[in-house]
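Residue-level structural notes
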Amino acid sequence: MTKLSVTDKKIDTILVLDFGSQYTQLIARRVRENDVYSVILPWDISEDKIKEVKPVGIILSGGPNSVTKSYTPRAPKIVFDLNIPVLGICYGMQTLAEQMGGSVISADQKEFGHAELELINESKLFHNLNKNINVWMSHGDQVQDLPEDFNLAASTSTAPIAAMEHKSLPIYGIQFHPEVTHTENGKDILRNFLFDICNAKTDWKMDDLISSRLDDIKKQVGDEKVLLGLSGGVDSSVTAALLHKAIDKNLVCVFVNNGLLRKGEANSVMKTFKDNMNLNVIKSESADIFLRHLKGETDPEQKRKIIGRTFIDVFDSEAAKLKDIKYLAQGTIYPDVIESSGSESNEARVIKSHHNVGGLPEEMKLDLVEPLRDLFKDEVRRMGIELGLPEEMINRHPFPGPGLGVRILGEVTKDKTLILQEADSIFIEELIKADLYDQVSQAFAVLLPVKSVGVVGDERRYAEVIGLRAVETVDFMTANWAHLPYDFLELVSNRIVNEIEDVSRVVYDISSKPPATIEWE
Ligand code: XMP
């Protein structure tokens, strides 16, 4: 069996050099969907680091800059010295053209959206594809003159040089985005690059991955004990399941019930891990402490800080009771550690604020175990399913660390928490029933800090207002409000006002991000 590990150089790797595109991670995920391993590094990473990766191919991502300006990012020289295939996408193509002697101009109009690509000359990149392809464009600049030794491969009506390839070397540039689903045949184009051009091997497979991760964990921690803050979220749950399989009772989990979780969530976490999987889980019933600390506070940032600090205090005091712990496990995943272009290196082992254990007693001196550190969320989910975790847990929408604390606007009280849990649970239950849950990226209810008048029978009711929020997004950085059917919203609204006495009105949030954020606080 192939030994798979990030440090194992036998594994074929595609390097995605990041020029700052919002799609960079998507490119790397699309590569991995083809069972080929990929890593992302910023465009200005050292040449030594690139050599260390030993890529079998390099993809230059898009980016927000213009190569027509001086001092904008360029591909490091080593990209061309390694004699391996290179694919430039959008900005990646423009810098490729510019660096190889072609010219790029700023087009009068930014092209954004669908375009019809016409293949002009045979190219391995478009092997076996139709002559006309509907592609997704998003650019301001375009290549005006081909570099010497390059052939034109394809055009659109507004970009005469929409794809190009070197006459003898495996160097390609495309102006459009093959990684987004709006590009017809985008998958085929990437597959042509991976398999026909890079001859990449499909070594990145889930089965092999789990067994090699188990070996890695055993090797790292031996017979020592490992502590894990279990939140019930996907990342910490999969980390728990993996570590349990590797070291069984030497994994000690601490689950803090802060009283700000969704309805039934605390019980379902305990049921899954303690009752069904027999994990060593210590449950800290701390709702009262959190409520006490939050009393009277209405400022969103202060509320977040209080919840974060209280979490650390509770977690630390539970951890301090444990003996002989040597390691701390974290569900850090790849997007948490990717160095993005232009940013300071965050390779440093940042402790996720969500599982914030930054205040652990000094004398514990724990080393970190992060078995999901190089995985994308969809890979973590696949691993969770393979490890036998319940699908509802794995496919659940994201939930913020401060929980309902940032969905109860204004002061958090126990009564409000119960009302919100009930309303949220009705919304989610109906989304699942209507087969809409998986079609939206995140959906939840919020409790507004105003009351409104309603009538029930002949009686006037002055009660709470619930806001419903549902969004569609790829990366949670931008999001559109989900156009849920009116009939569906009516059903949810009726159920909420009829079943929850303390609610008199339901509103639906029709703001996208930006300018609104997904959460209300
Ligand atoms: P916003 O509200 O910033 O949210 O548009 C983007 C995504 O992040 C989640 N979120 C959080 N997750 N701790 C977390 O673990 C937090 O403090 C936090 N705040 C927001 C939010 O639910 C959405 O998925």
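Given the structure is predicted, the values throughout are model-derived calculations rather than measurements.

What counts and how
Residues numbered from 1 in each chain as written. Predicted model: local features only at pLDDT ≥ 70, side-chain atom pairs only at ≥ 80, totals over all residues. Heavy atoms only, no water. Near = heavy atom within 4 Å. Polar contact = N/O pair within 3.5 Å; in protein donor to acceptor, adjacent residues only side chain to side chain. Areas by Shrake-Rupley, 256 points an atom, 1.4 Å probe, with all protein chains shown as cover. Nonpolar A, V, L, I, M, F, W, Y, C, P; charged D, E, K, R; others polar. Pairing = 2+ DSSP bridges. Helix = DSSP H or I, 4+ residues; strand = E, 2+ residues; numbered from the N terminus. Axes fitted to C-alpha atoms, helices over the stretch in contact; angles between N-to-C directions. Buried < 20%, exposed > 50% of the residue type's maximum accessible area, 1.4 Å probe, protein only. Contact = heavy atoms within 4.5 Å. Domains from an automatic or database assignment. Core = buried A, V, L, I, M, F, W, Y, C linked by side-chain atoms within 4.5 Å. Salt bridge = Lys/Arg side-chain N within 4 Å of Asp/Glu carboxyl O. Left-handed = near helix turned anticlockwise from the far one by under 90°. Expected span 1.5 Å × (residues − 1).

1. Overview of the site of the ligand
- Taken together, twelve residues lie near the ligand, and Arg304, Gln442, Lys513, Ile518 and Glu519 sit nearest.
- Interatomic distance of 2.7 Å between a side-chain N/O atom of Lys513 and an oxygen atom of the ligand.
- For the ligand, the accessible surface in isolation is 500 Å², of which the surrounding protein chains cover 71%.
- For the shell around the ligand, the class distribution of residues is five nonpolar, four polar and three charged.

2. A look at the sheet that holds strand β10 (residues 225-230)
- Ordered in space as β12-β11-β10-β13-β14, the five strands form an open sheet in which the pairing is parallel. Edge positions in the sheet fall to β12 (281-285) and β14 (367-369), since each of these pairs with one other strand and no more. Strand-to-strand twist in this sheet, taken as the mean axis angle between neighbours without regard to direction, amounts to 30 degrees.

3. Regarding the environment of Glu47
- One can find Glu47 in helix α2 (residues 47-53).
- Residue classification places Glu47 among the partly exposed positions, given a relative accessible area of 35%.
- Taking the C-alpha atoms as reference points, Glu47 and Pro76, separated by 29 residues in sequence, lie 7.4 Å from one another.
- Ignoring sequence-local partners within four residues, the contact set of Glu47 consists of Pro76, Lys77 and Ile78.

4. Considering the side chain of Thr183
- Following the sequence through the fold, Thr183 ends up in the loop between β9 (171-174) and α5 (186-197).
- Judged by relative accessible area, which is 4%, Thr183 ranks as buried.
- A distance of 2.9 Å separates the side chain of Thr183 from the backbone nitrogen of Trp136, its partner in a polar contact.
- A polar contact is formed between the side chain of Thr183 and the backbone oxygen of His177, at a distance of 2.7 Å.
- If near-sequence neighbours (up to four positions away) are discounted, Thr183 is found in contact with Asn134, Val135, Trp136, Phe176, His177 and Pro178.

5. Considerations on the pairing of strand β16 (residues 459-472)
- In terms of burial, β16 is a largely internal element, ten of the 14 residues being buried.
- Relative to β16, strand β15 (residues 442-456) is paired through twelve bridges, and the arrangement is antiparallel. Opposite Ala443, over in β16, you have Ala470 as the bridge partner.
- Hairpin connection between β15 and β16: a loop of two residues separates the two successive antiparallel strands, and Gly457 in this loop has a positive phi of roughly 60 degrees.

6. Points about the domain arrangement of the chain
- For the chain, the assigned domains read domain 1 (13-197), domain 2 (206-394) and domain 3 (412-508).
- Taking only C-alpha atoms into account, the centre of domain 1 sits 44 Å from that of domain 3.

7. Section: the nonpolar core
- Leu17, Phe126, Phe273, Met383, Ile466, Leu484 and Ile496 are the most contacted members of the largest nonpolar core, which has 157 residues in total.
- Not counting chain neighbours up to four residues away, the residues in contact with Ile466 comprise Leu420, Ala423, Ala445, Val446, Leu447, Ile496, Val503, Arg505, Val506 and Val507.
- Counting residues in each nonpolar core, the second largest holds eight residues, with Leu409, Leu448, Val471 and Ala479 among its members.

8. Brief notes about the pattern of salt bridges
- For the structure on display, the rule yields 25 salt bridges.
- One salt bridge connects Arg213 with Asp374, and the closest N-O pair in it is separated by 2.9 Å. Residue Arg213 is found in helix α6 (residues 206-221), and its partner Asp374 is found in the loop between β14 and α12 (377-386); the two are separated by 161 residues along the sequence. When sorted by exposure, Arg213 lands in the same class as Asp374, which is buried.
- Lys433 serves as the salt-bridge partner of Glu429, at 4.0 Å between the closest nitrogen and oxygen. Placement of both Glu429 and Lys433 in helix α14 (residues 414-433) is noted, with a separation of four residues, approximately one turn of the helix.
- Judged by its relative accessible area of 35%, Glu429 is partly exposed.
- Take Lys433: its relative accessible area is 59%, and that puts it in the exposed class.
- The network of salt bridges with common partners includes Glu429, Glu430, Lys433, Arg495 and Glu499.

9. A word on the packing of α14 against helix α15 (residues 486-499)
- At a closest axis distance of 10 Å, the pairing of α14 and α15 adopts a crossing angle of 145 degrees. Between α14 and α15 lies a crossing whose hand is right-handed. Side by side, α14 and α15 meet where Ala423, Ile426, Phe427, Glu429, Glu430, Leu431 and Lys433 of the first sit next to Phe488, Leu491, Val492, Arg495, Ile496 and Glu499 of the second.
- Class assignment for the residues of the contact of α14 with α15 results in eight nonpolar, no polar and five charged.

10. A look at α15
- The end-to-end C-alpha distance of α15, which contains 14 residues, comes to 20 Å, matching closely the 20 Å that a straight helix rising 1.5 Å per residue would cover.
- On its buried side, α15 packs onto α14, β16 and β18 (503-508).

11. Some remarks on α6
- With 16 residues, α6 extends 22 Å from end C-alpha to end C-alpha; this agrees with the ideal 22 Å at 1.5 Å per step.
- Gly222 sits one or two positions beyond α6 and adopts a positive phi of about 55 degrees.

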